[in-house]
Amino acid sequence: MSEEMLSEFTRELIESDEPFPQDLVKKYIALGVPESEIAAVLLARSALTSPEVPLSAMQESERRIGELVHQAASKPDSAPKDSGIKRTVRRIFRRR
Amino acid sequence: MPNEGESDRQLVGRFVAGDTAIFTVLHKRYYAKIYRLAYLQTNNADDAEDIASETFLRAFQRLKQVTFTGGDSIYPWLHRIAVNLSIDLCRDKSAHQIVSLDEETAAGMTHLVERIEDTKPSPFELVQRHEVQDLVRSAIAGLIEDQRDVIAYRFLGELSLKETAEQMRRSEQAIKSLLHRAMISLRQEILKRVSASERLRLLGRGGQKNVGGDALRIHKRIDRK
């Protein structure tokens, strides 16, 4: 039973997007979920929504992806290739 | 035009059809999660940045091969790439250190993991303190693999119970049990680390600053390159 409710608490916490939703915590304490387990969930969630991502790191990664997108767009072979069978059929017809 | 409301599966479909620019939407959607996963693995901002960047470069090159095993999210696939890169980077390292807490925070944490009500500082304040978040990340990193994975899938990747079960090839009920066990273990790991922090703080007291400092340096085990 505790497993079920802890799982529900986790789901609602993720959906709430708040570090410490008091009403939710009170609700699940009243439902009998041990406070120690609720605390562990709150701490895990908070720890994994941090640290702040450095903007410069994200921008640098975006820039590198942008280069790949640009390269892919300028490659002539980025268009879908014909299958081997189609190419063989064309070659045979060209010969005739 | 990229539509940010589209599912990952739809975006991948467009990418495969030749719209490679769509990848920027996936990058925006998952960069922070992958950075934080890498930070959890390495406890180092520079390494996390390198791993996150490399994860997306590899993902771009291999996106056409992605297979969705349950759900529409590519998070599990990115997660695996990032974890493999982290393992390669950290093979010979012991990344997590003992986190130093002040007396008030240590007492608050010991109280919080027993009883949320009447905790001082308030639970709201405690869970947002950087040193507490560092300590909890270190505790998560100290868990056994399946417990660590279930926490990462649920809290970082925000996968549903069903998606987590599919990724971990278990039933939903088994995932609920695993999550429950993971939280009990996490609490124990947190308490262990709070005690370690207390011991270090006490060592540093009473004119034994150097002893404390040495102990801190020894425990930090900075094996970085």
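What you see is a predicted model; the values in this text were computed from it and never measured. (Residues numbered from 1 in each chain as written. Chains lettered and ligands numbered in written order. Predicted model: local features only at pLDDT ≥ 70, side-chain atom pairs only at ≥ 80, totals over all residues.)

On to the overall build of chain A, then. Regarding its fold elements, chain A presents five helices and zero strands. Element order for chain A, N to C, with α for helix and β for strand: α-α-α-α-α. (Helix = DSSP H or I, 4+ residues; strand = E, 2+ residues; numbered from the N terminus.)

To continue, consider the interface of chain B and chain A. Of the residues lining the interface, 46 residues belong to chain B; the matching set on chain A comes to 42 residues. Taken together, the elements giving at least two residues each to the side of chain B that touches chain A come down to α2 (23-42), α3 (45-62), α6 (123-128), α7 (130-141), α8 (145-156) and α10 (172-203) of chain B. No other element matches the nine residues that α10 of chain B contributes to the side of chain B that touches chain A. Looking at the side of chain B that touches chain A, its residues break down into 28 nonpolar, nine polar and nine charged. (Contact = placed C-beta atoms within 7 Å. Nonpolar A, V, L, I, M, F, W, Y, C, P; charged D, E, K, R; others polar.)

To continue, consider unusual backbone geometry. Each neighbour pair has its own omega, and for Ser50 of chain A with Pro51 of chain A the value is -5 degrees, a cis peptide bond. Summarising the element assignment, Pro51 of chain A is placed in the loop between α3 (35-48) and α4 (55-74). The omega torsion of the bond from Lys120 of chain B to Pro121 of chain B falls at -5 degrees, within 30 degrees of zero and hence cis. As for its position among the elements, Pro121 of chain B is in the loop between α5 (103-112) and α6.

Turning next to α5 of chain B. Within α5 of chain B, burial applies to Thr105, Ala106, Gly108, Met109 and Leu112 of chain B. All buried residues of α5 of chain B project into a common sector of 165 degrees when viewed along the axis, lining one side. Facing away from the buried side of α5 of chain B by over 90 degrees, the exposed positions are Glu103 and Glu104 of chain B. At its buried positions, α5 of chain B is contacted by α3 of chain A together with α6, α7 and α10 of chain B. (Buried ≥ 20, exposed ≤ 12 C-beta atoms within 10 Å, placed from the backbone. Arc of directions from axis to C-beta.)

Next up on the list: the domain arrangement of chain B. All names here are of chain B. Looking at chain B, the domain boundaries give domain 1 (8-90) and domain 2 (103-220). Each of domain 1 and domain 2 was reduced to a C-alpha centroid, and the two centroids are 26 Å apart. Of the residues lining the interface, eleven residues belong to domain 1; the matching set on domain 2 comes to ten residues. Looking at which element gives the most residues to the side of domain 1 that touches domain 2, the answer is α2, with four residues. Of the residues contributing to the side of domain 1 that touches domain 2, the split by class is four nonpolar, five polar and two charged. (Domains from an automatic or database assignment.)

Residues and elements named next belong to chain A. Running from N to C, helix α1 (residues 2-16) and α3 cross one another at 35 degrees; their axes reach a closest spacing of 11 Å. The handedness of the crossing between α1 and α3 comes out as right-handed. Facing Leu6, Phe9, Thr10 and Leu13 of α1, the residues of α3 in contact are Glu37, Ile38, Val41 and Arg45. When the residues that make up the contact of α1 with α3 are grouped by side-chain class, the tally is five nonpolar, one polar and two charged. (Axes fitted to C-alpha atoms, helices over the stretch in contact; angles between N-to-C directions. Left-handed = near helix turned anticlockwise from the far one by under 90°.)

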